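Residues per chain are reported as follows:
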Amino acid sequence: MVTADEPKPQATAPGGSPAPPGTDLQSLAVQLRRMNGEINRLVHGFAGDQGLHATDVQALAAILDADEPMTPGRLREHLGLTSGAVTACVDRLASAGHIRRVRESSDRRVVHLYYASDARVAARTYFRPLARAAEEARQRFTQDELAVVARFLAAMNEELSLLRSGGA
């Protein structure tokens, strides 16, 4: 983590020219931490309102964002939890009506996890102010600028996933 105690590296743009203010590593790190803190505040509020743990909300997001049906094993890898902790998390989410467990393959041992429709409505209602804030911020940028932002966020997520998998 970049901290205030570390010397601020001189940011340069491609071609070696000085980078615009606020684009150095420390400035970006501060903004990412602030955004992460605000999102965490909302997540903890939702978890409290729903009687869930913050990890349960992370599990819900992973299930919602998965490109294919989520399994408890993939959820365990994604969250970095033990099998027992994931089982407890999935049990809480299923008992609270947030997810459904479905055995839909020929191998009855395989369980797929799906976000329950009613739970999606509750989450959308709770997080609607976040969606409105994101839309307000998004409208301040051109499509070209948003493409750069999306590329940066995708690159950050890729780098962070490498850290999680031990690749760094």
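Quick notes on the rules
- Residues numbered from 1 in each chain as written.
- Predicted model: local features only at pLDDT ≥ 70, side-chain atom pairs only at ≥ 80, totals over all residues.
- Heavy atoms only, no water.
- Helix = DSSP H or I, 4+ residues; strand = E, 2+ residues; numbered from the N terminus.
- Buried < 20%, exposed > 50% of the residue type's maximum accessible area, 1.4 Å probe, protein only.
- Contact = heavy atoms within 4.5 Å.
- Areas by Shrake-Rupley, 256 points an atom, 1.4 Å probe, with all protein chains shown as cover.
- Core = buried A, V, L, I, M, F, W, Y, C linked by side-chain atoms within 4.5 Å.
- Salt bridge = Lys/Arg side-chain N within 4 Å of Asp/Glu carboxyl O.
- Expected span 1.5 Å × (residues − 1).
- Bend = angle between axes of the 7 residues up to and from the residue.
- Patch = residues over 30% accessible without salt bridge, like charges linked within 9 Å, V, L, I, M, F, W, Y side chains within 5 Å.

## Some details on the overall build of the protein
Link 1 in the chain: Counting secondary structure elements, the protein contains six helices and two strands.
Link 2 in the chain: Listing every helix and strand of the protein by position from the N terminus yields α-α-α-α-β-β-α-α.
Link 3 in the chain: Within the protein, the proportion of its 168 residues that are buried is 21%.
Link 4 in the chain: When contacts within the protein are restricted to residue pairs at least 6 apart in sequence, those whose partners lie at least 24 apart make up 43%.
Link 5 in the chain: Accessible surface, the protein as shown: approximately 11,700 Å² in total, 55% of it carbon and sulfur.

## Comments concerning the nonpolar core
Link 1 in the chain: In this structure, Leu60, Leu75, Leu93, Ile99 and Leu113 are the most contacted members of the largest nonpolar core, which totals 24 residues.
Link 2 in the chain: Breaking this core down by element, the ones donating at least two residues are α1 (25–50), α2 (54–65), α3 (72–79), α4 (83–95), β2 (112–115) and α5 (117–138).
Link 3 in the chain: A total of five residues in this core trace back to one element, the largest contributor, which is α2.
Link 4 in the chain: In this structure, leucine 93 is in contact with Leu52, Asp56, Ala59, Leu60, His98 and Ile99, ignoring residues within four places of it in sequence.

## Concerning the pattern of salt bridges
Link 1 in the chain: One pass over the structure, following the stated rule, counts four salt bridges.
Link 2 in the chain: Of the charged contacts, one joins glutamate 38 and arginine 41 as a salt bridge, the two residues approaching to 2.9 Å between their closest N and O atoms. Of this pair, glutamate 38 and arginine 41 both sit in helix α1, three residues apart, which is roughly one turn of that helix.
Link 3 in the chain: With a relative accessible area of 44%, glutamate 38 lands in the partly exposed category.
Link 4 in the chain: Here arginine 92 ties to aspartate 56 by a salt bridge, and the two come within 2.7 Å at their closest N and O atoms. You can see arginine 92 sitting in helix α4 and its partner aspartate 56 sitting in helix α2, a full 36 residues away along the chain.
Link 5 in the chain: Its relative accessible area of 29% is what places arginine 92 among the partly exposed residues.
Link 6 in the chain: A relative accessible area of 0% means that aspartate 56 is categorised as buried.

## Side note on α5
Residues that lie three or four places apart on an α-helix share one face, since the helix turns once every 3.6 residues.
Link 1 in the chain: In a regular helix each residue adds 1.5 Å, so 22 residues correspond to 32 Å; α5 covers only 28 Å between its end C-alpha atoms and thus falls short of that length.
Link 2 in the chain: Where α5 bends most, at phenylalanine 127, the angle is about 55°, and the proline proline 129 comes one to four residues later.
Link 3 in the chain: When we look at burial in α5, the residues that qualify are Ala119, Ala123 and Phe127.
Link 4 in the chain: Where α5 is buried, its residues contact α1 and β2.

## Some words on a nonpolar patch on the surface
Link 1 in the chain: Taken together, the side chains of Met35, Ile39, Leu130, Val149, Phe152 and Leu153 define a hydrophobic patch exposed on the protein surface, amounting to about 440 Å² of accessible area.
Link 2 in the chain: When contributions to the nonpolar patch are tallied by element, the ones reaching two or more residues are α1 and α6 (143–164).
Link 3 in the chain: It is α6 that provides the largest number of residues to the nonpolar patch, a total of three residues.
Link 4 in the chain: Relative to the helices and strands, isoleucine 39 resides in helix α1.
Link 5 in the chain: On the basis of relative accessible area, isoleucine 39 is assigned to the partly exposed category, the value being 33%.

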